[in-house]
Amino acid sequence: MIIESIHIKKNCIICISLLILIVFLSSTLIFYFSQKHLQSIEVNSDSEDDYIKWVDFTVPCNVLKLTSELDINSHNNNEEITYNWIELLAYLACIYGGNFKNFKSSDLNKIVENLKDGKTMEELTSTLTFYDYYLEAYSAVLSGFLGNYAIETINENNEKVFEKKYGLKAFSPIAKNYYFTHYKDFGNSRSYGFKRTHLGNDLMGSIGTPIIAVESGTVEQLGWNQYGGWRVGIRSFDGKRYYYYAHLRKDHPYVEGLEKGDTVKAGDVIGYLGMTGYSIKENVNNINVAHLHFGMQLIFDESQVDSPNEIWIDVYEIIEFLKTNTSEVYLSNEETKDYSRKYDLMEEFLTE
Ligand SMILES: [Zn+2]
């Protein structure tokens, strides 16, 4: 009898503790999910209308040059006022309503004079309604282009050394000493597949020309795509720019070992120019003229990725601008016939 009652008591205790445990666990779970739901609602309402939906990038190469030189020289010469080329461009965009066809160098000189006279950019732009828009839009386009970096060079003892610099650290997508032609083809109509417009710039060159990463970033897409053929998509570290390199070479499109998720540096060889694409079947040359299709997508909100609301900008003038910074390459692997960059680069955010 005594043994039996102890047994019942023991069972009861187990039952009660189990019940307490279940009540505790379920209330924790309910609390967790309700919080999560609240968070997601907050995120949604936050991002609903706050991000930029459209950018027309019309800044010509010569204006990119003028403003970047002001920025670079003021940094390197330790001038009293350091200019920010993106701020200067955003200011000019306000004057021209975003259309740089109206550019006059006297307008740029006037801003510079005002800054030299001690006015701040904040004061100068306080009445410009669209300044913040242009600043954010142009920052998304150009913020990876200028900055501190170290590049390998050959010193007087014929040794490779890193030289610290402030300047242009984005590269032309075509390797140094390789020839290419291009023209303003953004928005032209394309006939393959459904009716659509051309959302990039075609760089005509010879098959096998090494293709260079314009900016450092992460390989987000790699493989076959019906339109782009063998293509690679690289996202900048700040997430704002997606660089699209398409129609890469049949049989050997990418540099040996390049994989989705890899980090690449500006100036690295990533693949080779070709004429693949316009086919559901993989590894088919269906493009008439060998070229690199180079595209640049701006991402202000992740919902813009793979959606009808993608923002692709005209990169013709950017390509012209980047011609001044080309990455030299050499045949580094006789077996695989792969090329590598000759001079390495280090940037502040790259941990090395
Ligand atoms: Zn194209």
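Residues numbered from 1 in each chain as written. Predicted model: local features only at pLDDT ≥ 70, side-chain atom pairs only at ≥ 80, totals over all residues.

Caption draft 1: Representation of the overall build of the chain within the structure. Counting its regular elements, the chain contains seven helices and 16 strands. Looking at the 352 residues of the chain, the share that counts as buried comes to 32%. Counted over contacts in the chain with a minimum sequence separation of 6, partners at least 24 positions apart contribute 64%. (Helix = DSSP H or I, 4+ residues; strand = E, 2+ residues; numbered from the N terminus. Buried ≥ 20, exposed ≤ 12 C-beta atoms within 10 Å, placed from the backbone. Contact = placed C-beta atoms within 7 Å.)

Caption draft 2: Region of interest: the environment of Ile-72. Looking at the secondary structure, you find Ile-72 in helix H2 (residues 61-76). Ile-72 gets classed as partly exposed once you count the C-beta atoms within 10 Å, which come to 18. The spacing of Ile-72 and Thr-82 is ten residues in sequence and 8.5 Å in space, taken between C-alpha atoms. Discounting chain neighbours no more than four positions away, the residues touching Ile-72 are Leu-146, Tyr-166 and Gly-167.

Caption draft 3: Expanded view of unusual backbone geometry. In this structure, Asn-78 is a non-glycine residue whose phi angle is positive, near 50 degrees. By secondary structure assignment, the location of Asn-78 is in the loop between H2 and helix H3 (85-96). One non-glycine residue with positive phi stands out, namely Asn-283, at about 60 degrees. Note that Asn-283 resides in the loop between strand E11 (269-272) and strand E12 (291-298).

Caption draft 4: Up close: the nonpolar core. Grouped together as the largest cluster of nonpolar side chains are 69 residues, with contacts concentrated most on Leu-89, Tyr-138, Ile-212, Tyr-245 and Ile-270. If one sorts the elements of this core by residue count, H3 sits on top with eight residues. Shared between two domains, this core holds at least three residues of each, these being domain 2 (61-142) and domain 3 (171-341). Residues within four places of Tyr-138 in sequence aside, it is in contact with Ile-86, Leu-89 and Ala-90. (Core = buried A, V, L, I, M, F, W, Y, C linked by C-beta atoms within 7 Å. Domains from an automatic or database assignment.)

Caption draft 5: Geometry of the pairing of strand E14 (residues 329-333). Direction of pairing for E14 relative to strand E15 (residues 338-341): antiparallel, over a ladder of four bridges. Residue Tyr-330 lies in a different strand from E15, and its bridge partner there is Ser-340. (Pairing = 2+ DSSP bridges.)

Caption draft 6: Up close: the packing of H2 against H3. One way to put it is that H2 packs onto H3 with a least axis distance of 8 Å and a crossing angle of 145 degrees. Once H2 is placed against H3, the crossing between them reads as right-handed. In this structure, H2 contributes Thr-67, Ser-68, Leu-70 and Asp-71 to the contact, and H3 contributes Trp-85, Leu-88 and Leu-89. Taken together, the residues of the contact of H2 with H3 sort by class into four nonpolar, two polar and one charged. (Axes fitted to C-alpha atoms, helices over the stretch in contact; angles between N-to-C directions. Left-handed = near helix turned anticlockwise from the far one by under 90°. Nonpolar A, V, L, I, M, F, W, Y, C, P; charged D, E, K, R; others polar.)

Caption draft 7: Spotlight on the environment of Asn-62. With respect to the secondary-structure elements, Asn-62 resides in helix H2. Sequence-wise, Asn-62 and Glu-320 are 258 residues apart; in three dimensions their C-alpha atoms are separated by 9.1 Å.

Caption draft 8: Focus on the packing of H3 against helix H6 (residues 131-142). In the contact formed by H3 and H6, the axes pass within 8 Å of each other and the chain directions differ by 135 degrees. Considering the angle they form, H3 stands oblique to H6. In this structure, H3 meets H6 at a crossing whose hand is right-handed. In contact with Ile-86, Glu-87, Leu-89, Ala-90, Tyr-91, Ala-93 and Cys-94 of H3, H6 contributes Tyr-131, Tyr-134, Leu-135, Tyr-138, Ser-139 and Leu-142. Class assignment for the residues of the contact of H3 with H6 results in eleven nonpolar, one polar and one charged. (Parallel < 35°, antiparallel > 145°, perpendicular 65-115°, else oblique.)

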